[in-house]
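# Summary of the model geometry
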Amino acid sequence: MVHLFSIVIPHHNIPQLLLRCLDSIPDTPEVQVIVVDDNSSEDKVDFKHFPGLERKYTQCIFDKEGGGAGHARNIGLRHADGKWLVFADADDFFTKNAFDTLRKHKDAPQDIILFKADSVDSDDYTPTERHLALNNAIDAVLSGSLSAKKAVLSKPVPWCKMFRQEYIQSKGIQFDETMASNDQMFVAKATCWAKEDAVAVDPDILYTVTTRKGSLMDNWGKDPANYLCRLEVQIRYNKFVKAYPTIRQEPIIIILANSLHFGLGTFFKALGLVLQKNALFSGVGFKKIVKHVKLKLKQ
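Residues numbered from 1 in each chain as written. Predicted model: local features only at pLDDT ≥ 70, side-chain atom pairs only at ≥ 80, totals over all residues. Heavy atoms only, no water.

For the protein chain, the helix and strand inventory stands at eleven helices and eight strands. On C-alpha atoms alone, the protein chain measures out to a radius of gyration of 19 Å, which is about the 19 Å that the 2.2 N^0.38 rule sets for 299 residues. Its C-alpha atoms give the protein chain principal-axis dimensions of about 55 × 50 × 40 Å. Evaluated residue by residue, the protein chain yields a buried proportion of 54% over its 299 residues. By sequence separation, contacts in the protein chain at least 24 residues apart represent 77% of the contacts at least 6 residues apart. Here the protein chain has roughly 14600 Å² of accessible surface; of this, 54% comes from carbon and sulfur atoms. Between the centroid of the 39 positive side chains of the protein chain and the centroid of its 36 negative side chains there is a distance of 9 Å. (Helix = DSSP H or I, 4+ residues; strand = E, 2+ residues; numbered from the N terminus. Rg over C-alpha atoms; globule rule 2.2 N^0.38 Å. Buried < 20%, exposed > 50% of the residue type's maximum accessible area, 1.4 Å probe, protein only. Contact = heavy atoms within 4.5 Å. Areas by Shrake-Rupley, 256 points an atom, 1.4 Å probe, with all protein chains shown as cover. Lys, Arg positive; Asp, Glu negative; His and termini not counted. Charge placed at Lys NZ, Arg CZ, Asp CG, Glu CD.)

Below, the structure written as C-alpha cells:
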C-alpha cells in the first residue's frame, strides 16, 4: 500500500509521551506512521505493550545500535512510502485539525511546505516561546518581506514541514547521525536545493512543540559535548550556505565566545575545532558583532 503521508517519529525512553503523540495522529490508510525506537531501556519501556503496536497503520521498528535521533530518522526514511514526508518528535504532538491542514496540500506542486506551530511546557502545558521565530517568519512571507526559503531556515528543524518524498529521494538527503543538530543539514540541503517556487508557507497551526527537562534542547546549555556537536554542525552549515549569499550564517566567533559558559576546558576544545576548520570569522559581519556586544552589555 502506498500512503499519502509518512510520519517518521524517533523515540527513546519516553513511551507515555510517544503515546500522546500517536493519539494526535489518525489511524487511517492514508497515514503511514513509522516509530523508530532508538535502543530504549527495558527499565523504562514495556516493549510488549509498546505504543503503536495496537495501531493498524503504524510500524514500530526497534533499533539496538543507539545511533541517536538522526540514525532513527534515516531508518524511518528507508521504510517510508508516502507521497509526503512529515516528521515529529515523540514528546510533541499534532494539533486537532493538523491532518485536515495537510490534506489541503496533498496535490500541491511544491516540494516543501512550511506551517505554523504552537509551543507549551510538556508537563503542565503552559505556553512557551519556541514557536515564535517560525510563526513570525511565516507572517513575514505572507507580508512579502521574506522569502519562503528563508522562513524555512529560520527554524531548521524537520517538524512543521512536509517534504515531497520523491524530491528528498532524488537528492539523496539524509539526516546527520550526530548526538545533536542532526536535522540542521537535512533542512538546509532540502531548502537550498529546492527551486524558489517549490517552497511555500501555510499560516495554519500544524504542530505543538514542547519544552521538556532532559531533552536534547534542554541540554543545549548544560552539556559541553552537546554544545561542541552543535558548533561543529553550525560550521558545516555556514560553509554549505555560503554558496547561497541571501541565506543567513551564524557568527562562529560569537558561538565560540558562548563556550566560556562551560569553562576554559570546553572553550579551548571549541577554539581548536574552529581553528582546525578555519572558521573563526565564518558568518561574521560588523553589524552582528556590534549587536551582540550591546546585548551582552545590557545583560
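Let us keep going from here.
Right, let's get into the layout of surface pockets. In this structure, the second largest pocket spans a volume of roughly 160 Å³. Residue composition of the lining of the second largest pocket, grouped by class: two nonpolar, five polar and three charged. (1 Å grid on protein atoms, 1.4 Å probe; cavity = no way out; pocket = protein on both sides within 12 Å on 5 of 7 lines; lining within 4 Å. Points joined across faces, edges and corners; volume = space filled by probe spheres on them. Nonpolar A, V, L, I, M, F, W, Y, C, P; charged D, E, K, R; others polar.)

Within the fold, aspartate 176 resides in the loop between helix H6 (165-171) and helix H7 (184-192). Its relative accessible area of 15% is what places aspartate 176 among the buried residues. Side-chain polar atoms of aspartate 176 contact the side chain of arginine 236, separated by 2.8 Å. Every residue in contact with aspartate 176, bar those within four places of it in the chain, is listed here: Gly70, Asn182, Met185, Val233 and Arg236. (Polar contact = N/O pair within 3.5 Å; in protein donor to acceptor, adjacent residues only side chain to side chain.)

Judged by side-chain polarity, Leu260, Leu264 and Phe268 come together as a nonpolar surface patch covering roughly 330 Å² of accessible area. Turning to its location among the elements, phenylalanine 268 is positioned in helix H10 (residues 264-276). (Patch = residues over 30% accessible without salt bridge, like charges linked within 9 Å, V, L, I, M, F, W, Y side chains within 5 Å. Salt bridge = Lys/Arg side-chain N within 4 Å of Asp/Glu carboxyl O.)

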